[in-house]
Amino acid sequence: MNEQPVIRTQGLTRYFGAKPAVYDLNLEVPRGCVFAFLGRNGSGKTTTIRMLLGLLEPTRGEGSILGHDIRSLPPEVRARIGYLTEDHQLYGWMSVRECGEFQSRFYPLWNEQIFRAVIGHFNLKPTARVKDLSRGERAGLCLGLTLAPEPELLVLDDPAIGLDPVAHRSLIESMIYLTRRSDRTIFFSSHQLADVERVADYVAVLDRSVLQVCCPLETFRNSVRQIRLRFSSAPPPVPKIPGLLQAFRAEGELRLTCMHYNDATEQALRALAPAQMEMVPISLEDAFISYLGERGEKSFILSETEAQP
């Protein structure tokens, strides 16, 4: 990988009124990777992306993309960036062919073969009007318009929302296609954690406008462990345990999710004197939800329902 990050921010902050949408963001995205930008709705992901692309002025802080200041990106740099959003904005009166002809005027590296291949994959007729296309077809057209310039950096802001399974699969396959070359980079936000698990090299997690995690995907996944404790009688109260994220109580069982599991964590768990203790495989989705969810002890919903008279 090239030593210079494709994206770099330092103290990047944006307020809307008195409320920070993004606060003191320090981020580096290596060249040639797939970088997943995660967080709950309202955590600041779209605001960050808009600042990075020069579409929104930061309140303070600095940022660069492809080595250029985000406050003054020249046209030749923008031509090296592909940007795809969830709303798939297009001119409804244009035909599919006219969209391609219009877009190609702004990109010197426009690859008509890629554009035709993508719209062909989505069975789009060149003469079809945008206003008559389904959501999935509009997504396919936007994907073709985004990939045909062969962008050096592809920025995706939750583009899979509302797509049918076929269109969704095509989007993921296109991401994999784009990164076949080591000089291509993808920076994307998504709520589809199965996609993240499949394609991402790095993850960053925003929570309440603040960056909480930024590391390789495997580092994050391996740092969250789930442990099941079985007891011959009712489980004891859960004490303060180092790194505890969540604890679920069921009949004769505790299931704990911990961050940075270590010897101290294991000693605290064994002190509860379980009859059986085992590590349980955990998916990226479960690890992510546990990390961002409410901390502390919970009970399973069905257990609460069964307990009611």
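Look above for the structure.
Residue positions are given per chain, counting from 1 as you read along its sequence in written order. Local features are withheld for residues below a pLDDT of 70 in this predicted model, meaning they are given only at 70 or higher, and side-chain atom pairs are given and counted only at 80 or more; totals for whole chains, interfaces and linings count all residues. Think of the side-chain values as coming from all heavy atoms in the structure, minus any hydrogens and water.

(A) Geometry of the environment of His191. Helix numbering and strand numbering both begin at the N terminus, where a helix is a DSSP run of H or I of at least 4 residues and a strand a DSSP run of E of at least 2. For His191, the location among the structural elements is in the loop between strand 8 (185-189) and helix 7 (193-199). Considered as a pair, His191 and Leu245 are 54 residues apart in the sequence and their alpha carbons are 21 Å apart. Contacts are assigned to residue pairs that have any heavy atoms within 4.5 Å of one another. Ignoring sequence-local partners within four residues, the contact set of His191 consists of Gly39, Arg40, Asn41, Lys45 and Asp158. At a separation of 2.5 Å, a polar atom in the side chain of His191 contacts the side chain of Asp158. Distance and chemistry together define a polar contact, namely a pair of N or O atoms within 3.5 Å, with one atom able to donate a hydrogen and the other to accept it when in protein, and with adjacent residues in sequence counting only for side-chain atoms on both sides.

(B) Expanded view of the nonpolar core. By size, the foremost hydrophobic cluster in this structure holds 51 residues, and its most contacted members are Leu38, Phe115, Leu141, Phe188, Val196, Val203 and Phe220. Setting aside chain neighbours within four positions, we find Val196 in contact with Ala36, Leu38, Phe188, Ser190, Val203, Leu217 and Leu284. Definition of nonpolar core: a set of buried residues of the types Ala, Val, Leu, Ile, Met, Phe, Trp, Tyr and Cys, connected through side-chain atoms within 4.5 Å. Relative accessibility under 20% of the residue-type maximum defines a buried residue, over 50% an exposed one, and the middle range a partly exposed one, all with a 1.4 Å probe and only protein chains included. By size, the runner-up hydrophobic cluster in this structure holds 26 residues, among which are Val22, Leu53, Ile70 and Val155.

(C) Structural detail: the sheet that holds strand 3 (residues 34-39). Any two strands are treated as partners once DSSP identifies two or more bridges connecting them. If you trace the six strands from one edge of the open sheet to the other, you get 6-7-8-3-9-10, paired in mixed fashion. The sheet is open, and its two edges are formed by strand 6 (81-85) and strand 10 (210-216), each paired on a single side. Strand-to-strand twist across the sheet, computed as the mean angle between neighbouring axes with direction ignored, equals 15 degrees. Across five bridges, the pairing between strand 3 and strand 9 (residues 202-207) is parallel. Paired with Phe35 across the two strands is Tyr202, which belongs to strand 9. Axes, fitted as lines to C-alpha atoms, cover a helix only where it is in contact. Angles between the N-to-C directions of the axes lie from 0 to 180 degrees. Across the sheet, helix 5 (residues 135-147) lies against strand 6 and strand 7 (153-157), angled at about 165 degrees from strand 6, the strand it touches most.

(D) Up close: helix 9 (residues 263-270). Taken together, the buried positions of helix 9 are occupied by Thr265, Ala268 and Leu269. The arc that holds the buried residues of helix 9, viewed along the axis, is 100 degrees, so those residues lie on one side. With respect to the buried face of helix 9, the exposed residues turned more than 90 degrees away are Asp263 and Gln267. Against the buried residues of helix 9 lie strand 11 (224-230), strand 13 (253-259) and strand 14 (276-280). The reported arc concerns the directions from the helix axis to the C-beta atoms and nothing else.

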